[in-house]
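Letter by letter, the chains look like this.
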Amino acid sequence: MFLANPCKFSRSTHFLLSIRSFSPANVLSRPCKSLYEMFEPSGYTDSISRIKKALHPNVWSESVEMELDSLNIDLNTYVLNQVLKSLSNSDVAYHLYWWAESKPNFHHNHFTTKSVISLLTKEQNLGLLTEFFRRRKIGSGYQFHHSVYRYFISGYVRAGLISLAIEAFEELLGSDWGIVSVDYNRFMGVLIKNCSFHLLEVYYETLSRYGFCLTAFTYSRWISGLCEAKRGELVEKLLEDMDKISLFPDIWACNIYMDYLCKSNSMNEALHFLQSMVKKGTDPDLVTYTTVIDGLCNIKRFTDAVHLYDEMIQRGFIPDIVNCGALVFGLCNNGKVEIAYELLMEMLKLGVKPTVPIYNALISGFWKMDQIDKAQIIISFMQRNGCKPDIVTYNILLNHYCDKGMLDKAEALIRKMEMCGVHPDGHSYNQLLKGLCKANQVDKAFAFLSDHMEVGGFCDVVSCNILIDAFCKSRKVQAAYRLFKEMSYKGIRPDSVTYSTMIKGFSTVGHYTLAEELFDEMPKKGLTPSINLYNIMMHHLCKVGQYNQTQKLFSDMIARGISPDLVSYNTLMNGFRFHNKSNESLALYKDMRERGVMPDELTFRFLIDGLLRDGKSKVAYEIWEHMMENGITLHKEVSERLVKAINLENK
């Protein structure tokens, strides 16, 4: 049972909530310094020394026990406790404790028990700790002091033995001591740390009925744990419970919960919680505002983001780089560069120095909008303000030059980078390589790859994929295949993009055998073909009449977890209609609708055409009716054939 002894728990709870701490009986039951500890007679010093000497080997054995028995000393709890506290071996302390227990008229007190448990806990001697706990309780009617239970619980927690910690806590619940608020909160903290959320709810609901309350700190840690475990559904109830006792989470928990709401795109709830923070006295900080502003930008609520930024300024906050960056990056990434530029000007007025990444976001935004002059102004401005362009800045410029076909400027920029100490990286060289290929300067691109990039160690799978794609588009498939074969010699492993490009290239020029070989090779290399690649291969197989192989490939695609798309279904139906496979086409039509793939005009044309070829005009007419319900018009030639077939059937 959850409460091993409900009667005892009720009684102890009653004392805790009323007069227990003031009753004379309770005062007498509390542990206090013994007279031995206040005055240490010299005889006790001698007894302590003799016991320590007998224990000198620091290993318990029968000979040690015999020597202790022969000492003939007046053993009391003070003497024993002083010896126990001096020991460094928990095994020796454990056996000494039980040796003393066996002596006539000797009874342990709170201090001797606590000393043994303390050493066992310190040394993480969990086997003996557990044995001590069970042995001490059996038969003697002994009851641990309140603080001893705490030792047990903390020892088990540190060792990760949560089930034993729970058992000790329940023992405390059923004892005459009962629990106090600090015990409850500490124990709940243990469960929070170990993400024992189900047990947390059970203890929370049970103990709340007895009037126990969590502190704001414990509530805050619980809320944080729930959010980090992505179990925020309980947080709202905890907030309501806190409100009933005039508590509110601390700023740390508020920010974690705010982050959870924003990442869940629950922005209305996030804004409502932000207002609650202000009302309840837990003032939002820069982290709070940054989190919400970033969340609003992620769902493109830029007006709200800017308003919140203004509210933050009005409340006296001085924005930092992280805060400003969240808004600038969000605005620039979504084409709101002019607003981001105005924000930059405000930052400067407030004394905030933008970082290079913030400048880069604005430069990139203006380049994308073809506002070249403004981009150049930002570059000049950042340099005047002591921010040197970094590799990202140069790559933004390089990307623009290559996209616009300004290859002379791109090559000059690469040389400038090499000379001024901003070393181009793999992305830089791949951008130039892509620009050369885009301008149909494939031979020059190959020479650049061989003579410049390979020498510098910048040739990677992306570089090879760019050039292989350019070769295939120029119908230089043999050159592409040579580079494909050379990749392994260069220590570069082809990826799915490499194989897809080569297969498409071979298919384009009619080398289907090589395309099939590469396709079959992909799973052996641990690569999964894309949906587009499956569609290409199915189109080829249908074209050459290998319908069984096509259906096998279609099933293989589904087995690999790749959902067929509209092109997949249309490809198969187009092949089936010429070879009396209208039943297979109908099955595909049913399957695509069950998978939520909406048929288009081609789907109905191929399906109805196949049915008419197989003489199934009635079924074709039913499909046509469904087609009309979906607002799709049938191809004229197929429509005329359908009308003709229906008229012939009605004669």
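Our structure is the block above this text.
Note that this is a predicted model, so its numbers are computed, not measured. (Residues numbered from 1 in each chain as written. Predicted model: local features only at pLDDT ≥ 70, side-chain atom pairs only at ≥ 80, totals over all residues. Heavy atoms only, no water.)

Engineer: Sorry if this is basic, but what is going on with the overall build of the protein here?
Structural biologist: In terms of helices and strands, the protein carries 38 helices and zero strands. Relative to its 651 residues, the protein shows a buried fraction of 46%. Of the contacts formed within the protein by residues at least 6 apart in sequence, a portion of 63% connects residues at least 24 apart. Per element, the accessible surface of the protein, about 33,100 Å² overall, is 54% carbon and sulfur. (Helix = DSSP H or I, 4+ residues; strand = E, 2+ residues; numbered from the N terminus. Buried < 20%, exposed > 50% of the residue type's maximum accessible area, 1.4 Å probe, protein only. Contact = heavy atoms within 4.5 Å. Areas by Shrake-Rupley, 256 points an atom, 1.4 Å probe, with all protein chains shown as cover.)

Engineer: I'm lost on the nonpolar core in this one. Help?
Structural biologist: The nonpolar side chains of a soluble globular protein tend to be buried with one another. If you look at the biggest cluster of nonpolar residues, it comprises 150 residues, and the most contacted ones within it are Met188, Trp222, Phe273, Val328 and Met502. Excluding residues within four positions of it along the chain, Phe273 makes contact with Leu239, Phe248, Cys254, Tyr257, Met258 and Leu261. With 33 residues, the next largest nonpolar core counts Leu80, Leu96, Trp99 and Val116 among its residues. (Core = buried A, V, L, I, M, F, W, Y, C linked by side-chain atoms within 4.5 Å.)

Engineer: What should I look at first to understand the side chain of Asn465 in this one?
Structural biologist: With respect to the secondary-structure elements, Asn465 resides in helix α28 (residues 461-473). Residue classification places Asn465 among the buried positions, given a relative accessible area of 11%. A distance of 3.2 Å separates the side chain of Asn465 from the side chain of Asp495, its partner in a polar contact. Apart from residues lying up to four places away in sequence, Asn465 is in contact with Asp495, Val497 and Thr498. (Polar contact = N/O pair within 3.5 Å; in protein donor to acceptor, adjacent residues only side chain to side chain.)

Engineer: Is there a simple way to think about helix α37 (residues 617-629) in this case?
Structural biologist: Each α-helix turn comprises 3.6 residues. Residues three or four places apart therefore point the same way. In this model α37 runs 18 Å from its N-terminal to its C-terminal C-alpha over 13 residues, within 8% of the 18 Å that 1.5 Å per residue would give. Restricting attention to buried positions, one finds in α37 the residues Ser617, Ala620, Ile623, His626 and Met627. Directly beyond the C-terminal end of α37, a positive phi value near 75° is found at Gly631. (Expected span 1.5 Å × (residues − 1).)

Engineer: Please explain the pattern of salt bridges as it appears in this structure.
Structural biologist: For side chains of opposite charge, pairing can occur when their charged atoms come near one another. Counting across every chain of the model gives 25 salt bridges. Note that Lys404 is salt-bridged to Asp370, the shortest N-O span being 3.4 Å. Note that Lys404 is positioned in the loop between α24 (391-403) and α25 (407-420) and Asp370 in the loop between α22 (356-368) and α23 (372-384), a separation of 34 residues in sequence. Exposure remark for Lys404: the relative accessible area of 48% places this residue in the partly exposed category. On the accessibility criterion, Asp370 (46% relative accessible area) is partly exposed. In this structure, Asp556 engages Arg560 in a salt bridge whose closest nitrogen and oxygen atoms are separated by 3.2 Å. The exposure class assigned to Asp556 is partly exposed, which follows from its relative accessible area of 28%. Taking the relative accessible area as the measure of exposure, Arg560 reaches 37% and is therefore partly exposed. (Salt bridge = Lys/Arg side-chain N within 4 Å of Asp/Glu carboxyl O.)

Engineer: Is there a simple way to explain the packing of aromatic side chains in this structure?
Structural biologist: The relation between two aromatic rings is expressed through the spacing of the ring centres and the mutual angle of the planes. One pass over the full model with this rule turns up 23 aromatic pairs. Taking the centre distance of 6.1 Å and the plane angle of 70° together, the rings of Tyr341 and Phe366 count as edge-to-face. Within this pair, whereas Tyr341 is found in helix α21 (residues 337-349), its partner Phe366 is found in helix α22, the two being separated by 25 residues in sequence. Residue classification places Tyr341 among the partly exposed residues on the basis of a relative accessible area of 28%. Put simply, the rings of Phe248, Tyr257, Tyr260 and Phe273 pair up and form one aromatic cluster. Seen from the ring of Phe217, Arg221 lies directly overhead, with NZ or CZ sitting 4.8 Å from the centre. (Phe/Tyr/Trp six-rings, centres within 6.5 Å; stacked < 30°, edge-to-face > 60°. Lys NZ or Arg CZ within 6 Å of the ring centre and 35° of its normal.)

Engineer: Quick question: what am I supposed to make of unusual backbone geometry here?
Structural biologist: Note: most peptide bonds trans; most residues except glycine with negative phi. The backbone of Asn72 sits at a positive phi, close to 55°, despite the residue not being glycine. Following the sequence through the fold, Asn72 ends up in the loop between α5 (62-69) and α6 (77-86). The residue Asn440 is not glycine, and still its phi comes out positive at about 60°. In this structure, Asn440 sits in the loop between α26 (426-438) and α27 (442-456). Here Asn440 falls in the exposed class, since its relative accessible area comes to 64%.

Engineer: Which parts of the structure should I look at to understand the environment of Leu199?
Structural biologist: In this fold, Leu199 is placed in helix α13 (residues 197-208). In the structure, Leu199 is positioned 11 residues away from Met188 in sequence and 9.1 Å away in space, judged by C-alpha atoms.

Engineer: Explain the packing of helix α18 (residues 286-298) against helix α19 (residues 302-314) here, please?
Structural biologist: For any two helices packed against each other, one specifies the inter-axial angle together with the distance between the axes. Remark: α18 packs on α19, axes separated minimally by 8 Å, with the N-to-C direction vectors making an angle of 165°. By the angle between their directions, the pair α18 and α19 is classed as roughly antiparallel. The interaxial crossing formed by α18 with α19 has left-handed handedness. Residues Leu286, Tyr289, Val292, Ile293, Leu296 and Cys297 of α18 lie in contact with α19, whose contacting residues are Phe302, Asp304, Ala305, Leu308, Tyr309, Glu311 and Met312. Taken together, the residues that form the contact of α18 with α19 break down as 11 nonpolar, no polar and two charged. (Axes fitted to C-alpha atoms, helices over the stretch in contact; angles between N-to-C directions. Parallel < 35°, antiparallel > 145°, perpendicular 65-115°, else oblique. Left-handed = near helix turned anticlockwise from the far one by under 90°. Nonpolar A, V, L, I, M, F, W, Y, C, P; charged D, E, K, R; others polar.)

Engineer: Would you mind showing me how to read helix α33 (residues 547-559) here?
Structural biologist: The end-to-end C-alpha distance of α33 is 18 Å, a good match for the 18 Å that 13 residues give at a rise of 1.5 Å each. Of all the residues in α33, the buried ones are Tyr547, Thr550, Leu553, Phe554 and Met557. What you see down the axis of α33 is that its buried residues fit within an arc of 115°, all on one side. Exposed and oriented more than 90 degrees from the buried face of α33 are Asn548, Lys552 and Ala559. Close packing links the buried residues of α33 with α31 (512-524), α32 (531-543), α34 (566-576) and α35 (582-594). Among the residues trailing α33, Gly561 stands out with phi positive, at a value near 85°. (Arc of directions from axis to C-beta.)

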